[in-house]
Amino acid sequence: MTLTEQQILSWVAAFIWPFFRIGALFISVPVFSGRRVPARIRVILAALITFVIVPVLPPLPTMELFSYRGFMVAVQQIFIGIATGFILQMAFSVMLVAGQSIAYSMGLGFASLVDPATGVQVPVVAQIFIISASLILLAVNGHLILIEMLAQSFTTLPIGDIGMNSADLWKIVRWSRQIFVGGVSLALPVLATILFVNISFGVASRAAPQLQIFGIGFPITIMMGMVLIWIMMPDMLDGFQGILAQSFALIRDILRIP
């Protein structure tokens, strides 16, 4: 059997363009994009999923792999994959903002750890929230749902000259406000309670200036914050599941999945 150069390039193109979209997803999606997951593992997972998906994909458009059009198609696939994972990153940032707000209000902002996903220092409370969000994503099979939607996107948003448009980009930009709105909404009960505790300490310090309010108020604020986190954590995680559902709905919208 004799293989021509055109046949080899067509086979490579049939694999490489879906691989770009799937590989870009593993670069940006939470849990898998963390520094503790080696890049080799992400590449192997993307290659295995691509091998499974390629045989059932619709026919690819006829174009040269090493051409300007082929380069633009590759850029589109990378952008689609990164945008899909970035939406989930924004959903996780909601928990990060909530944890940071609570940590700073209760006086634990100085207790920080390096977040393995971003490589920056975040408060320990925020790190607990991020770990809880990761466990929820895996518990509800969010990673499998995401891979399924990405596989469907090759039918609803096929590989070609037409990809995501500016309207899809603006949808992602508008949804990014959930990072702050959702984070403050999740942390608001704890923030309001700690605020009233601090107000009561302020009134007590004005009524009895000789009391060492700072000495007793700091540990009480920390203890009150821990108790409130323990009480409100189930409700916060329920709220995060709602935000996670909204992020999946947005992904379905930009990938044209009915």
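Look above for the structure.
Predicted model only: the values in this text are computed from it and were never measured.

**Looking at the environment of Ile 251**
Now for step 1: Secondary-structure assignment places Ile 251 in helix 8 (residues 213-254).
Now for step 2: When its relative accessible area of 0% is taken as the criterion, Ile 251 is described as buried.
Now for step 3: Spatially, the C-alpha atoms of Ile 251 and Ser 153 are 9.9 Å apart, while their sequence positions differ by 98 residues.
Now for step 4: Not counting the four nearest positions on each side in its chain, Ile 251 is found in contact with Thr 84, Ile 87, Leu 88, Leu 146 and Met 149.

**Quick notes on unusual backbone geometry**
Now for step 1: In the Ramachandran plot, Asn 141 falls in the positive-phi region, its phi being about 60 degrees despite a non-glycine side chain.
Now for step 2: Structurally, the position occupied by Asn 141 is in the loop between helix 4 (124-139) and helix 5 (142-156).
Now for step 3: Positive phi, normally seen in glycine, also occurs at Arg 256, with a value near 60 degrees.
Now for step 4: Looking at the secondary structure, you find Arg 256 in the segment after helix 8.

**Structural notes on the packing of aromatic side chains**
Now for step 1: Scanning the entire structure with this criterion turns up 4 aromatic pairs.
Now for step 2: Each ring, one from Phe 92 and one from Phe 240, has its centre 5.7 Å from the other, and the planes form 85 degrees; the classification is edge-to-face. One end of the pair, Phe 92, is in helix 3 (residues 68-106); the other, Phe 240, is in helix 8, with 148 residues separating them in the sequence. Just as Phe 92 is buried, Phe 240 falls in that class too.

**What to know about the pattern of salt bridges**
Charged atoms that come close allow side chains of opposite charge to pair.
Now for step 1: If you walk through the whole model with that rule in mind, you get 2 salt bridges.
Now for step 2: A salt bridge links Arg 256 to Asp 168, with the nearest nitrogen and oxygen atoms 2.9 Å apart. With Arg 256 in the segment after helix 8 and Asp 168 in helix 6 (residues 166-175), this pair connects stretches of sequence that are 88 residues apart.
Now for step 3: The class of Arg 256 is partly exposed, set by a relative accessible area of 32%.
Now for step 4: Classification of Asp 168 as buried rests on a relative accessible area of 3%.
Now for step 5: Here Asp 253 ties to Lys 171 by a salt bridge, and the two come within 3.0 Å at their closest N and O atoms. Remark: Lys 171 occurs in helix 6 and Asp 253 occurs in helix 8; sequence separation between them is 82 residues.

**Notes on the side chain of Thr 50**
Now for step 1: Structurally, Thr 50 can be placed in helix 2 (residues 39-53).
Now for step 2: Classification of Thr 50 by relative accessible area gives buried; the value is 0%.
Now for step 3: Among all residues touching Thr 50, those that are not within four sequence positions of it are Phe 15, Pro 18, Phe 19 and Ile 22.

**So, empty space enclosed by the protein**
Now for step 1: Evaluated as defined, the whole model comprises 2 cavities of 30 Å³ or more.
Now for step 2: One number sums up the size of the largest cavity: a volume of about 80 Å³.
Now for step 3: As for the largest cavity, its lining consists of Leu 25, Phe 26, Val 29, Pro 30, Phe 32, Leu 88, Leu 137, Gly 142, His 143, Leu 146 and Ile 147.
Now for step 4: Of all the secondary-structure elements, those providing two or more residues to the lining of the largest cavity are helix 1 (5-28) and helix 5.
Now for step 5: The element contributing the most residues to the lining of the largest cavity is helix 5, with 4 residues.
Now for step 6: In terms of residue class, the lining of the largest cavity is made up of 9 nonpolar, 2 polar and no charged.
Now for step 7: What lines the second largest cavity is Ile 22, Leu 25, Phe 26, Ile 49, Ile 53, Ile 147, Leu 150 and Ala 151.
Now for step 8: For the lining of the second largest cavity, the elements supplying multiple residues, two or more each, are helix 1, helix 2 and helix 5.

Calculation notes
- Residues numbered from 1 in each chain as written.
- Predicted model: local features only at pLDDT ≥ 70, side-chain atom pairs only at ≥ 80, totals over all residues.
- Heavy atoms only, no water.
- Helix = DSSP H or I, 4+ residues; strand = E, 2+ residues; numbered from the N terminus.
- Buried < 20%, exposed > 50% of the residue type's maximum accessible area, 1.4 Å probe, protein only.
- Contact = heavy atoms within 4.5 Å.
- Phe/Tyr/Trp six-rings, centres within 6.5 Å; stacked < 30°, edge-to-face > 60°.
- Salt bridge = Lys/Arg side-chain N within 4 Å of Asp/Glu carboxyl O.
- 1 Å grid on protein atoms, 1.4 Å probe; cavity = no way out; pocket = protein on both sides within 12 Å on 5 of 7 lines; lining within 4 Å.
- Points joined across faces, edges and corners; volume = space filled by probe spheres on them.
- Nonpolar A, V, L, I, M, F, W, Y, C, P; charged D, E, K, R; others polar.

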